[in-house]
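Here is how the chains run, residue by residue.
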Amino acid sequence: MSSVATSRNRPGPIPTTIPVGVAAAPHSGRRRRKLRWAPFVLTSIALLYLALVLLVPLAAVFIQAFRKGVDYYLAAIVEPDALSAIKLTFIAAAISVPFNLVFGIAAAWAIAKFDFRGKSVLITLIDLPFSVSPVVAGLIYVLMFGLQGWFGPWLAAHDIKIIFAIPGIVLATIFVTFPFIARELIPLMQAQGREEEEAAVVLGASGWQTFWRVTLPNVKWGLVYGVILCNARAMGEFGAVSVVSGHIRGYTNTLPLHVEILYNEYNFAAAFACASLLAFLGLVTLVIKTVVEHRFLRESK
């Protein structure tokens, strides 16, 4: 009996193969270590690309702007032609943004809240400035309102000047910037649905009351975001405005066109001084955009 018990308690042969889980453990550990480096590498590549493409050129603009000192910088900005260009830039933005605001709200409300014939055509027309070159847009306005254009003789007979004048600059700016507000509001209104508006109508609210008390409060931050983008695009527009302006110094030059003229005249310090204003406006726009996004995300939680 003792020999039988001893043989039963004797340990069996040592296995010659290692279990799969044990063998894979070192390899999985190496994979985890490699994956830990992946976010760091990808983030470093993104930051390096951002620095080369955005931060270095932006810093170069301000360095070149102050290369000859603060006095020369201020003199380049307060020069009469520069002040006229700054004024015209703000005028074009101040007129085009409210027009696009009204159109964007109306178009987004119609597309997101109603079904009607021609809805897809309207959406296509809203996206048209994204697919048409700004230079082509400017040429279209010259073809329509120029002295030899379709309406040119009639406009000349009534002493109305659009091309090579402020109205042409405003029209070109409106064309280039009008998708921004509508394109910001359409997906937001579509995501919110129509239930709240339908409930307000059932409770006796008119269409105007429904818009002001239900629809508009729900999209207020998206609306502010779209206005910011539209305004930034309006102040920085070059292509379409360059075609219709005529480059009349002190009269039809916006700030981007004034920068081009100064640069072509090899007045680099003054050109970068004026360009730094556009860069500063862009940074201010970025800060406001970030604040609006933060407020929107905080209220949506």
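The structure we're discussing is the one just above.
Summary of the structure given here. (Residues numbered from 1 in each chain as written. Predicted model: local features only at pLDDT ≥ 70, side-chain atom pairs only at ≥ 80, totals over all residues. Heavy atoms only, no water.)

**Some thoughts on the overall build of the protein chain**
The condition is simple: Secondary structure follows DSSP: runs of H or I at least 4 residues long count as helices, runs of E at least 2 residues long count as strands, and numbering of each begins at the N terminus. Summary of the burial criterion: residues with accessible area below 20% of their type's maximum are buried, those above 50% are exposed, and those between are partly exposed, where the area comes from a 1.4 Å probe applied to protein chains only. Here a residue-residue contact requires only that any non-hydrogen atoms of the pair lie within 4.5 Å. Methods summary: accessible areas were calculated by the Shrake-Rupley approach with a probe of 1.4 Å, and residue burial reflects only the protein chains presented.
Within the protein chain one finds 15 helices and 0 strands. Taken over 301 residues, the protein chain has a buried fraction of 34%. Sequence-distant contacts in the protein chain: of pairs separated by 6 or more residues, those separated by 24 or more amount to 73%. Total accessible area on the protein chain stands at roughly 18700 Å², and carbon and sulfur atoms take up 70% of it.

**Details of the nonpolar core**
Considering soluble globular proteins, one finds that nonpolar side chains tend to be buried as a cluster. Note the cut-off: The nonpolar core is taken to be a set of buried Ala, Val, Leu, Ile, Met, Phe, Trp, Tyr and Cys residues, with the residues joined through side-chain atoms within 4.5 Å.
Of all hydrophobic cores here, the largest spans 19 residues; its most connected members are Ile126, Leu185, Val219 and Leu223. Breaking this core down by element, the ones donating at least two residues are α4 (80-113), α9 (179-192), α11 (207-218) and α12 (220-236). Element by element, the count of residues in this core is highest for α9, at 7 residues. The contact partners of isoleucine 126, leaving out residues within four places of it in the chain, are Phe103, Ala107, Ile111, Phe178, Pro179, Ala182, Arg183 and Ile186.

**Focus on the environment of phenylalanine 180**
Here phenylalanine 180 is to be found in helix α9. Spatially, the C-alpha atoms of phenylalanine 180 and tyrosine 225 are 9.4 Å apart, while their sequence positions differ by 45 residues. Sequence-distant contacts of phenylalanine 180, defined by excluding residues within four places in its chain, comprise Phe130, Gly226, Leu229, Cys230 and Arg233.

**Topic: the side chain of asparagine 100**
Within the secondary structure, asparagine 100 sits in helix α4. Exposure remark for asparagine 100: the relative accessible area of 1% places this residue in the buried category. Non-local contacts of asparagine 100, meaning those with residues more than four positions away in its chain, are made with Ile174, Thr177, Phe178, Ile181 and Cys230.

**A look at the side chain of lysine 113**
To be explicit about the condition: Contacts described as polar in this section are N or O atom pairs within 3.5 Å, which, within protein, must combine one atom able to donate a hydrogen with one able to accept it, while residues neighboring in sequence count only if both atoms come from side chains.
Looking at the secondary structure, you find lysine 113 in helix α4. A polar contact is formed between the side chain of lysine 113 and the backbone oxygen of glycine 193, at a distance of 2.5 Å. A distance of 3.3 Å separates polar atoms of two side chains, one belonging to lysine 113 and the other to glutamate 197.

**Re the pattern of salt bridges**
Cut-off, in case you're wondering: Criterion for a salt bridge: a side-chain nitrogen of Lys or Arg within 4 Å of a carboxyl oxygen of Asp or Glu.
Overall, the coordinates contain 7 salt bridges when judged by the stated rule. Between aspartate 115 and arginine 194 there is a salt bridge whose closest N-O contact spans 3.1 Å. Note that aspartate 115 is positioned in the loop between α4 and α5 (119-131) and arginine 194 in the loop between α9 and α10 (195-202), a separation of 79 residues in sequence. Overall, the relative accessible area of 28% leaves arginine 194 in the partly exposed class. With a closest N to O distance of 2.4 Å, arginine 233 and glutamate 237 form a salt bridge. Relative accessible area serves as the criterion here: at 2%, glutamate 237 is assigned to the buried category.

**Considerations on helix α14 (residues 255-264)**
Most of α14 is tucked away: 7 of the 10 residues are buried. Along α14, the positions that sit buried rather than exposed are Leu255, Pro256, Leu257, His258, Val259, Ile261 and Leu262. Residue tyrosine 266 follows α14 closely and has a positive phi angle near 65°.

**Quick look at α9**
Here is the rule we go by: Expected helix span is taken as 1.5 Å per residue step, with the number of steps being one fewer than the number of residues.
Helix length check: α9 (14 residues) gives 20 Å between terminal C-alpha atoms against 20 Å at 1.5 Å per residue, within 8%. Among all positions of α9, only Pro179, Phe180, Ile181, Ala182, Leu185, Ile186, Leu188 and Met189 are buried. One or two steps after α9, the chain reaches glycine 193, where phi turns positive at roughly 75°.

**Observations concerning the packing of aromatic side chains**
Note the following rule: Side-chain rings of Phe, Tyr and Trp (the six-membered ring for Trp) are treated as a pair once their centres are within 6.5 Å; stacked means planes under 30 degrees apart, edge-to-face means over 60, and tilted covers the remaining angles.
Evaluation of the coordinates by the stated rule reveals 14 aromatic pairs. Ring centres of phenylalanine 66 and tyrosine 73 lie 4.2 Å apart, and the angle between their planes is 20°; this geometry places the pair in the stacked category. We classify phenylalanine 66 as partly exposed; its relative accessible area is 38%. Where tryptophan 208 meets tryptophan 212, the ring centres are 5.7 Å apart and the plane angle is 70°; that geometry is what we call edge-to-face. Remark: tryptophan 212 and tryptophan 208 occur in helix α11; sequence separation between them is 4 residues, near one turn of the helix. Residue classification places tryptophan 208 among the exposed positions, given a relative accessible area of 59%. Among the aromatic residues, ring-to-ring pairing joins Phe103, Tyr141, Phe145, Phe151, Phe175 and Phe178 into one connected group.

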